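Observations on chain architecture
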8 protein chains.
Amino acid sequence: MIDTFAGIIMGSESDRGTMQGAADILREFHIPFEWRVISAHRSPELLQEFVHDAEKRGISFFIAGAGGSAHLAGVIASFTTLPVLGVPIHNTKLLGLDSLLSIVNMPAGIPVATFSVGPAGATNAALFGVALLAAKYPEVNSILRNYRNQKKERLTADSIKNAVVYDGKEV
Amino acid sequence: MIDTFAGIIMGSESDRGTMQGAADILREFHIPFEWRVISAHRSPELLQEFVHDAEKRGISFFIAGAGGSAHLAGVIASFTTLPVLGVPIHNTKLLGLDSLLSIVNMPAGIPVATFSVGPAGATNAALFGVALLAAKYPEVNSILRNYRNQKKERLTADSIKNAVVYDGKEV
Amino acid sequence: MIDTFAGIIMGSESDRGTMQGAADILREFHIPFEWRVISAHRSPELLQEFVHDAEKRGISFFIAGAGGSAHLAGVIASFTTLPVLGVPIHNTKLLGLDSLLSIVNMPAGIPVATFSVGPAGATNAALFGVALLAAKYPEVNSILRNYRNQKKERLTADSIKNAVVYDGKEV
Amino acid sequence: MIDTFAGIIMGSESDRGTMQGAADILREFHIPFEWRVISAHRSPELLQEFVHDAEKRGISFFIAGAGGSAHLAGVIASFTTLPVLGVPIHNTKLLGLDSLLSIVNMPAGIPVATFSVGPAGATNAALFGVALLAAKYPEVNSILRNYRNQKKERLTADSIKNAVVYDGKEV
Amino acid sequence: MIDTFAGIIMGSESDRGTMQGAADILREFHIPFEWRVISAHRSPELLQEFVHDAEKRGISFFIAGAGGSAHLAGVIASFTTLPVLGVPIHNTKLLGLDSLLSIVNMPAGIPVATFSVGPAGATNAALFGVALLAAKYPEVNSILRNYRNQKKERLTADSIKNAVVYDGKEV
Amino acid sequence: MIDTFAGIIMGSESDRGTMQGAADILREFHIPFEWRVISAHRSPELLQEFVHDAEKRGISFFIAGAGGSAHLAGVIASFTTLPVLGVPIHNTKLLGLDSLLSIVNMPAGIPVATFSVGPAGATNAALFGVALLAAKYPEVNSILRNYRNQKKERLTADSIKNAVVYDGKEV
Amino acid sequence: MIDTFAGIIMGSESDRGTMQGAADILREFHIPFEWRVISAHRSPELLQEFVHDAEKRGISFFIAGAGGSAHLAGVIASFTTLPVLGVPIHNTKLLGLDSLLSIVNMPAGIPVATFSVGPAGATNAALFGVALLAAKYPEVNSILRNYRNQKKERLTADSIKNAVVYDGKEV
Amino acid sequence: MIDTFAGIIMGSESDRGTMQGAADILREFHIPFEWRVISAHRSPELLQEFVHDAEKRGISFFIAGAGGSAHLAGVIASFTTLPVLGVPIHNTKLLGLDSLLSIVNMPAGIPVATFSVGPAGATNAALFGVALLAAKYPEVNSILRNYRNQKKERLTADSIKNAVVYDGKEV
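Residues numbered from 1 in each chain as written. Chains lettered and ligands numbered in written order. Predicted model: local features only at pLDDT ≥ 70, side-chain atom pairs only at ≥ 80, totals over all residues. Heavy atoms only, no water.

The next point concerns the overall build of chain A. Regarding its fold elements, chain A presents six helices and six strands. Helices and strands in chain A line up, N terminus first, as β-α-β-α-β-α-β-α-β-α-α-β. Principal-axis analysis of the C-alpha atoms gives chain A an extent of 70 × 45 × 30 Å. Counting only contacts in chain A whose residues sit at least 6 apart along the sequence, the fraction spanning at least 24 positions is 66%. Accessible surface computed for chain A: about 5700 Å², of which carbon and sulfur atoms make up 54%. Here chain A contributes 15 positive and 16 negative side-chain charges, whose respective centroids are spaced 3 Å apart. (Helix = DSSP H or I, 4+ residues; strand = E, 2+ residues; numbered from the N terminus. Contact = heavy atoms within 4.5 Å. Areas by Shrake-Rupley, 256 points an atom, 1.4 Å probe, with all protein chains shown as cover. Lys, Arg positive; Asp, Glu negative; His and termini not counted. Charge placed at Lys NZ, Arg CZ, Asp CG, Glu CD.)

The structure is reproduced here in structure tokens:
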């Protein structure tokens, strides 16, 4: 059994739609998680408390989704040596580029693993978290390999089914 | 009693929606203000006149919101040594980045304090103005601290109430 | 007498050259200050401690210079309602734009006043800090106005002295 | 005879190298000019005075070179209906893009004709100014056409002289 | 009477909405013009022909609006020494920045005066064209000054009428 | 007769709308083609297989459309020396600039010919493919020249028909 | 004992300087590794072979450093479900932004954990890899916590030692 | 024998260093070529003449290298249906992004195949030209495949020779 859990933290209630994909993936792989809204700027003590408490209770990794200045992932990483996976969210006019750069450009010594802006990033952060647990939990590893292979088989079948061939004659 | 006032200036009537948040914050903190549409380019003499007159009448700071070339905050700052708070507005295709850079990149000697593009920037400029007055008016200081703490408490309560916990079992 | 002080914080020793201009301006205006290297990510507890302690000892404002992810100013602002002045520093390949956006795009509720990237930003943040104190200390106000007027007179004199006039005749 | 003149204004003494090309072109075409350093932010009254005075003395157009926030051309245009030609200068880390956008994104009603960042922009602004005068002064028009044709002939000759032809045989 | 005309050229029929503002301004100032769709890439010979023919018939300046690669203004400028005013149009995903840079970054020797992306740029290019004619046609000059002053008076009246004043008491 | 064919590959079913224009052009020129959805990341073996098989069956060129990281064109080019034409697709918030740069910045030695983001790029990639075949198939060459000339004639006719002329009198 | 290893792959010999920091960190933590130059585009079969072989030999994660189109990390991730850590390298004029976006914008389903451009990214990718192993190897976990704490203590000591205090009196 | 040739055109003598790589590749494959400096803006008639003349003499494709506004490739493409390969050159402050976008964003109907900014782009454009000729000249095809395979073998050998393996023991 999986005797650990993941923490999903997002900076604002408005990020929930974007981060839903991360929760969906974790459920699909039966990874326990806690999902919280905690702002690095508006409730910094709560964030620090949650990180320290989760560490004590055996959390394995954090997924942090935030937009704009997007300091959330970096602040979490300042309190823990556990893996922190950052998901930039597009909530200013700047295409999410502000959030992406703020999350990815951490100083040497305090790494944050960064994923793409928005829902695809949330999904991929969770899948990456699954891959982290696969190193320790053989059943997770085997589900992950099946998941990937099934997707590949479906895509291959669809690719053949939806192929369009034109022989240069009919218009 | 607060024996001073703030000046909100915006370059165009179309900026009113964006700057409303600044006025709302000042009202919430009972800070008197005057809010005017004055274009740095289309009515430069009026701008200069307003700044000099407001200085004589005891204004404490200016909040300037403008888009595109966004020279407004810088031109105000060229006429006064009072704090000028600049709010970039997104009114071209360029994501507000043009306005942000035009406001923030002032030459050494003539500072403009810059906030983020759009409504969040307007709100924060006004909150920053409140913080300026808090240094001189103890009652403003105490309202400001309460305001921040109440927000924090509400966020903390919401964070707990809306927590999602998944134990890895049910789908 | 000035019975307060400013706090200059920078994220790394390598930012000292950029922030020197802020210290120079404060000295020129006889504003007491403390200048520290404290990383938001590598020594978060020290940062929190310094901010709370400085608040108790009567600090008036913070100037925070940081590059890359540049979370420093935002993290300071999360701990205090005092004015926080942010200076982006150019220490990645991304022109300082990453630091600028990370500092300026704070969420509504937690303002950071942002200045331009690099030494001009440091100088202007300090001059803006002087303007903040000018509201409370009349002697600072009068020095500030003199400072600005003297610069203006010198520039005007130089402008006349260095004028180039060509009458269309000689080559 | 040319009974008018051009005004070259730049925001800082450090812009002189960039703007030299504008002066060189005007000299080459025997167009009288005055070339001044006047900052829109640090000496706004001097700028206003120079523009109004030059208008009375019969100036035909302004060339304004500035970097960073680069409000100079826009502020000149706010005081006059004469053509204002803006030259962005690269003096921050932002590739001159900040100056370019600040000069070109003028609000409807107050046009500034913008040229490229740096020396090529200064040269082209001056050549464009020559083209403006060519409408009124036939001798300028004829020198301008000769100038362009001579350049073209030289380039054509050079193109033939420096052609490299490889027949696929020798290495 | 005005014995010249302006040429408005745009690269595609889809640019008409953007360029309408240029035609409107010219009509408002009674400046004769011809307005054509001619693509620099799809009908290069027609473009060259139109430019040479218009030059012979006494055209004073060209306004060229184009999007994407936006070579139109530059190609016109390669055929004439008359003033060419370029208007970037936003017709790719790239915010019009591609068109702006393609128009403004002309090589030294072949100037194009560039205006902002979209309708404001079209309006300002036309107003700039009016300013060019004002040098030669005193009646145009006097209409232009009136136009600007009337706008300024209306803005000043509106600024006073729409002023919002809050005294810190009522909510 | 055309005894070869083109391969259109796109990374995802959602790219079909964008790539339709490429298929339309090939049909218009009677160029046989196969059009497949094959992801470089999700079904890499299928991609490799398709490329090698198509090479054996006499394919002449590949058109690859992809968004986001957009590795598709580059991966195809790593398996073949045939011409690979890349079409960036806009499917993240980043304006398609991410896809464009990922496709165009191939290392020296493995070229990918890149076209613009979106439908115009797909159309042009196909037209470019037609031009490649025109070198070998005289009938394709003659259809291509007719196609271009007919477009030019229609544009010229439209340009004349839709010309707007204003004589400066009526409003 | 650590019975696994890390794979460092870079696209070109010229990336060695940037990736050295990753190797240094792994050595510092006594993590075995293999470090290879394998181009995704110029030797795709070798890459595929190395990934599959390393998987069989018990590799735990890949660190992939690449510049320009930077497809390396994504192509590795297409062949394995193991964690892939991507390091963008700055080897075109585009500030490394091209590499960053090409690495981070992976499609949903195939995650790549991305770090910042250049040496700091290489260092942090390796430290993140150490954190991955810390979940399974308690001795790595304890070394990692010591490493972080020692850095923090040294920074705190330096911060106090290098503090600059100015009391507003001496110049 | 190869009874055709390639045309390399660049906008300015200063582009020669960048384009040298294209000439080197063509020589290496024994492809005859003519290499000329012809500016689209400064000598437009010469450009048109060269393109038409080369077409008559049996040219197969054009490689066009240009910086800044970089209209060269597009203007060539407006005169011919032959393949035009565009190489952006970095000669302004804007990282070559201006040239890249100006070359790649051609309107639907007039394709230009674009390669990366600078020398790698020049090399790849020439290699792509070689691939075009390989369709018609079997000997070129066979040299091209050898060229690629030899590079691959050398890289594979180097990859093995330069592998660094660390077993976690020695420091």
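From this point, things continue past the structure.
Residue-level contacts link 37 residues of chain A with 37 residues of chain G. Between chain A and chain G, a total of about 2900 Å² is buried, with carbon and sulfur atoms accounting for 62% of that surface. It is Thr81(A), Phe128(A) and Arg148(A) in chain A that bury the most area against chain G; as a group they hold 23% of the surface buried on that side. Applying the counting rule to chain A against chain G returns two salt bridges. Across the pair Glu55(G) and Arg145(A) runs a salt bridge whose closest N-O atoms are separated by 3.5 Å. (Buried area = accessible area lost by both parts, 1.4 Å probe. Salt bridge = Lys/Arg side-chain N within 4 Å of Asp/Glu carboxyl O.)

For the coordinates displayed, the defined rule picks out 28 aromatic pairs over all chains. Arranged with centres 5.4 Å apart and planes meeting at 55 degrees, the rings of Phe115(D) and Phe128(D) form a pair that is tilted. Of this pair, Phe115(D) sits in the loop between strand E5 (113–114) and helix H5 (119–134) while Phe128(D) sits in helix H5, placing them 13 residues apart in sequence. Residue Phe115(D) is classed as buried on the basis of its relative accessible area of 1%. A residue is classified by how much of its surface remains accessible, and Phe128(D), at 1% relative accessible area, is buried. An aromatic cluster is defined as three or more aromatic residues linked by ring pairs; in this entry it consists of Phe115(A), Phe128(A), Phe115(G) and Phe128(G). Positioned above the aromatic ring of Trp35(C), the side-chain terminus of Arg16(C) is 4.9 Å from the ring centre. (Phe/Tyr/Trp six-rings, centres within 6.5 Å; stacked < 30°, edge-to-face > 60°. Buried < 20%, exposed > 50% of the residue type's maximum accessible area, 1.4 Å probe, protein only. Lys NZ or Arg CZ within 6 Å of the ring centre and 35° of its normal.)

For the rest of this paragraph, the subject is the relation of the copies chain A and chain G. By a simple turn and slide, chain A fits onto chain G: the slide is 0.0 Å along the axis, the RMSD is 0.0 Å, and the turn is 180 degrees. Read as a symmetry element, the transformation amounts to a two-fold axis. A symmetric contact is evident, with 100% of the interface residues of chain A recurring at the interface of chain G. (Least-squares fit on C-alpha atoms with pLDDT ≥ 70 in both.)

This part is about the pattern of salt bridges. All names here are of chain C. Scanning all chains against the criterion turns up 48 salt bridges over all chains. Notably, a salt bridge pairs lysine 161 with aspartate 158, separated by 3.8 Å at the nearest N-O pair. Of the two residues, lysine 161 and aspartate 158 are both situated in helix H6 (residues 138–161); the distance of three residues between them amounts to about one turn of the helix. Residue classification places lysine 161 among the exposed residues on the basis of a relative accessible area of 62%. According to the relative accessible area criterion, aspartate 158 is partly exposed, its value standing at 31%.

Bringing the confidence of the model for chain A into the picture now. Of all residues in chain A, 99% attain a pLDDT of 70 or more, and the chain-wide mean is 96. Interface scoring of the predicted complex returns ipTM 0.97; its pTM is 0.97. (pLDDT = per-residue confidence, 0-100.)

The subject of this paragraph is the interface of chain A and chain F. Listed by partner, the interface residues are 18 residues for chain A and 21 residues for chain F. Taking both partners together, chain A and chain F bury about 1800 Å²; carbon and sulfur atoms supply 61% of that area. A per-residue breakdown of the area chain A buries against chain F is headed by Leu95(A), Val164(A) and Tyr166(A), which together make up 34% of the total. At the junction of chain A with chain F, the criterion picks out one salt bridge. Put simply, Glu45(F) and Lys152(A) hold a salt bridge, and the shortest N to O gap is 3.1 Å. For the side of chain A that touches chain F, the elements supplying multiple residues, two or more each, are helix H6 (138–161) and strand E6 (164–166) of chain A.

Time to look at the pairing of strand E2 (residues 33–37) of chain F. In terms of burial, E2(F) is a largely internal element, five of the five residues being buried. Neither face of E2(F) is exposed, since Phe33(F), Trp35(F) and Val37(F) on one face and Glu34(F) and Arg36(F) on the opposite face are all buried. Here three bridges tie E6(A) to E2(F), and the two strands are oriented antiparallel to one another. Bridging from a neighbouring strand, Tyr166(A) pairs with Phe33(F) of E2(F). In terms of strand pairing, strand E1 (residues 5–10) of chain F meets E2(F) through five bridges, oriented parallel. The residue of E2(F) that forms the bridge with Ile9(F) is Arg36(F). As a crossover connection, the stretch from E1(F) through helix H1 (residues 16–28) of chain F into E2(F) is right-handed. (Pairing = 2+ DSSP bridges. Right-handed = clockwise from strand over helix to strand, strands pointing away.)

This part is about the arrangement of the chains. Separated in space, chain B and chain G share no contact, their closest pair of C-alpha atoms being 17 Å apart. For the non-touching pair chain D and chain G, the nearest C-alpha separation works out to 12 Å.

All right, on to the packing of helix H2 (residues 44–56) of chain E against helix H3 (residues 72–79) of chain E then. In helix packing, the relevant descriptors are the interaxial angle and the interaxial distance, both defined with respect to the helix axes. Residue and element names in this part refer to chain E. Relative orientation of the contacting elements H2 and H3 amounts to 50 degrees, with a least axis distance of 10 Å. Here H3 runs oblique to H2, going by the angle between their axes. For H2 against H3, the interelement crossing comes out right-handed. Side by side, H2 and H3 meet where Leu47, Gln48, Val51, His52 and Glu55 of the first sit next to Leu72, Val75, Ile76 and Phe79 of the second. (Axes fitted to C-alpha atoms, helices over the stretch in contact; angles between N-to-C directions. Parallel < 35°, antiparallel > 145°, perpendicular 65-115°, else oblique. Left-handed = near helix turned anticlockwise from the far one by under 90°.)

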